[in-house]
Structures are given as structure tokens and as C-alpha cells.
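Working through the structure, step by step
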Amino acid sequence: MRLATFIVVAPLLSLGLLGPCAAADEVAAPPAAAASEAAKPAPTLHSRIYQLQHRLIPGWVHKSSGAFYTALVVGDLTRLRAVAGELVSPEYAAGIKVTPYPDLEGVLIEYPKPLTPPLCYFAFVRANAKSSSGYDIYTYEKTVSLPGMEAVYGVVGTWSADGNQHSNMGGREYKDAESFVRDLKLDKQPSKTAEKPA
């Protein structure tokens, strides 16, 4: 009988599934990692929208081999709306609009009006054979108004293929999508973080 008990108990001890006996009224403490996860506050609405606009969508643009761009061009917003609905809210997802611009080889994404900087008014996804991913993504983000710059509403920028480089192309005084698209037609100016010529 002792041998049979040893054969059953020894493997359980070695796997950590059976520990020293505890008193009947003792309760095992939850693992430290689980306790710290439970203590973390839920992500704010701002951080969830930021993740969608500045992490997920640029990642899809640059890493989907054109699948996300093609879906936008043909008006298939299934993935975009599903993720936005789950991450932010169904109402936010329903407020996203997409307009193709064939003459610019691009697609405009209009987001619900941003409440806080640096959330986006718009994004523009453009096919670009010179880009390492084959695509560029431009954003128009809400910005703070500084003294003397009260008319500046947003900042145009781009996101790199690796998602770690944000190039700032400067402040703008418009709020409408057509002005943003017109601005991108004239985007010959270098970004502030562009590499300097050798």
C-alpha cells in the first residue's frame, strides 16, 4: 500500500500539482501575475482608439501584402468594422467611412470626430511601389492649439512599415477630408524626420 501511495504521490509532487498539506481553513493565494493583471485598470477609450488608428491599421497597411488596401478599395469593411467594434465600440465602428480615390491610387478613411489629441480625423492609404511594403499611410491627427497657433487643428504624418517611425509633416488649419486629400496631392515637401541627403 505504501508503494502504491508513493507511485501516485511522487509524480504529483514533482509536477508541483501537490504541495505540503494545508489546514482546511487556509486558502491558496492567487499567483502574483494573476493578481497584478486583475489590478491593472481597463484601457481607456482614448488608448483603444489610438491602438486602432496608430498600431493596428498601419500594421494591416504595411503587413497584409495589399489585402487590407484591396478590401478598402472595394468597400469591404468587414475586418475593419469588426475589430473597431470589438476594440472601441459598435457605434465607433459604424461611424468609420471609406472613400476610394482611384486618381491618387488611394483610399480615404474617415474616423468619427476625435475628442483628444493625437487621435485622427482621417487616414489615407496609398499604393506606392517605392515603399518597402508597397503602401503608405498618412494620418491627420487632432493637435493642441498653442498661443499664436489657434487656427492649427491637426498635424499630417506618416507611419513607417515597421510601425515604429512616425514622420511629422507639420500642422494644418483645416478640418475637412477634401482639404486633407488635396494636401496629399501636394505632398512633395520632405517630412521633418526624413533622412538628410548624403
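Scroll up for the structure.
Because the structure is a prediction, the values reported are computed rather than measured.

What counts and what doesn't
- Residues numbered from 1 in each chain as written.
- Predicted model: local features only at pLDDT ≥ 70, side-chain atom pairs only at ≥ 80, totals over all residues.
- Heavy atoms only, no water.
- Helix = DSSP H or I, 4+ residues; strand = E, 2+ residues; numbered from the N terminus.
- Buried < 20%, exposed > 50% of the residue type's maximum accessible area, 1.4 Å probe, protein only.
- Areas by Shrake-Rupley, 256 points an atom, 1.4 Å probe, with all protein chains shown as cover.
- Salt bridge = Lys/Arg side-chain N within 4 Å of Asp/Glu carboxyl O.
- Pairing = 2+ DSSP bridges.
- Axes fitted to C-alpha atoms, helices over the stretch in contact; angles between N-to-C directions.
- Contact = heavy atoms within 4.5 Å.
- Patch = residues over 30% accessible without salt bridge, like charges linked within 9 Å, V, L, I, M, F, W, Y side chains within 5 Å.
- Phe/Tyr/Trp six-rings, centres within 6.5 Å; stacked < 30°, edge-to-face > 60°.
- Polar contact = N/O pair within 3.5 Å; in protein donor to acceptor, adjacent residues only side chain to side chain.

Now for the overall build of the chain. Secondary structure summary: the chain contains seven helices and six strands in total. Residues classed as buried in the chain amount to 36% of the 198 residues present. Accessible area for the chain stands at about 12300 Å²; split by element, carbon and sulfur atoms hold 61% of it.

A cis amide bond, omega -5 degrees, links P117 with the succeeding residue P118. Take P118: it is sitting in the loop between β2 (106–110) and β3 (120–127). Even without a glycine there, the phi angle at S65 is positive, about 55 degrees. Among the secondary structure elements, S65 is positioned in the loop between α3 (45–63) and α4 (67–73). Residue S65 is classed as exposed on the basis of its relative accessible area, which comes to 72%.

Applying the stated rule across the entire model yields one salt bridge. Across the pair R172 and D183 runs a salt bridge, and its minimum N-O distance is 2.6 Å. In this pair, R172 is assigned in strand β6 (residues 166–172) and D183 in helix α7 (residues 177–185), connecting sequence segments eleven residues apart. The burial state of R172 is the same as that of D183; both residues are buried.

Quick look at the sheet that holds strand β4 (residues 135–142) now. Taken in spatial order, the six strands line up as β1-β2-β3-β4-β5-β6 in an open sheet, and their pairing is antiparallel. Of all the strands in the sheet, the pair left with one neighbour each is β1 (97–101) and β6. With strand direction ignored, the average angle separating the axes of adjacent strands in the sheet is 20 degrees. Where β4 and strand β5 (residues 154–159) come together, five bridges link them in antiparallel fashion. Of the residues in β5, the one forming a bridge with Y140 is V156. Sheet strands in contact with α7 are β1, β2, β3, β4, β5 and β6, and its direction is about 40 degrees off that of β3.

What follows concerns a nonpolar patch on the surface. The grouping of V144, L146 and M149 at the surface amounts to a nonpolar patch, some 270 Å² of accessible area in total. Its place among the elements puts L146 in the loop between β4 and β5. Looking at L146, the relative accessible area reads 46%, which means it is partly exposed.

The geometry of an aromatic ring pair comes down to the distance between the two centres and the angle between the two planes. On inspection of all chains with the given rule, the structure shows nine aromatic pairs. Of the aromatic side chains, those joined through ring pairs into one cluster are Y121, F122, Y140, Y174 and F180.

Another aspect to go through is α7. Regarding α7, the residues found buried are A177, S179, F180, V181, D183 and L184. Each element contacted by the buried residues of α7 is listed here: β1, β2, β3, β4, β5 and β6.

In this section: the environment of Y92. With respect to the helices, strands and loops of the structure, Y92 is situated in helix α6 (residues 90–94). Between the C-alpha atom of Y92 and that of Y111, which follows or precedes it by 19 residues, the distance is 8.1 Å. Setting aside residues no more than four positions away along its own chain, Y92 makes contact with I49, L52, Q53, Y111 and P112. A polar contact is formed between the side chain of Y92 and the side chain of Q53, at a distance of 2.8 Å.

So, on to the environment of L108. With respect to the helices and strands, the residue L108 is situated in strand β2. For the pair L108 and E178, spaced 70 residues apart in the sequence, the C-alpha separation amounts to 9.6 Å. With near-sequence residues (within four places) excluded, L108 lies in contact with K97, V98, T99, Y101, F122, A123, F124, A177, F180 and V181.

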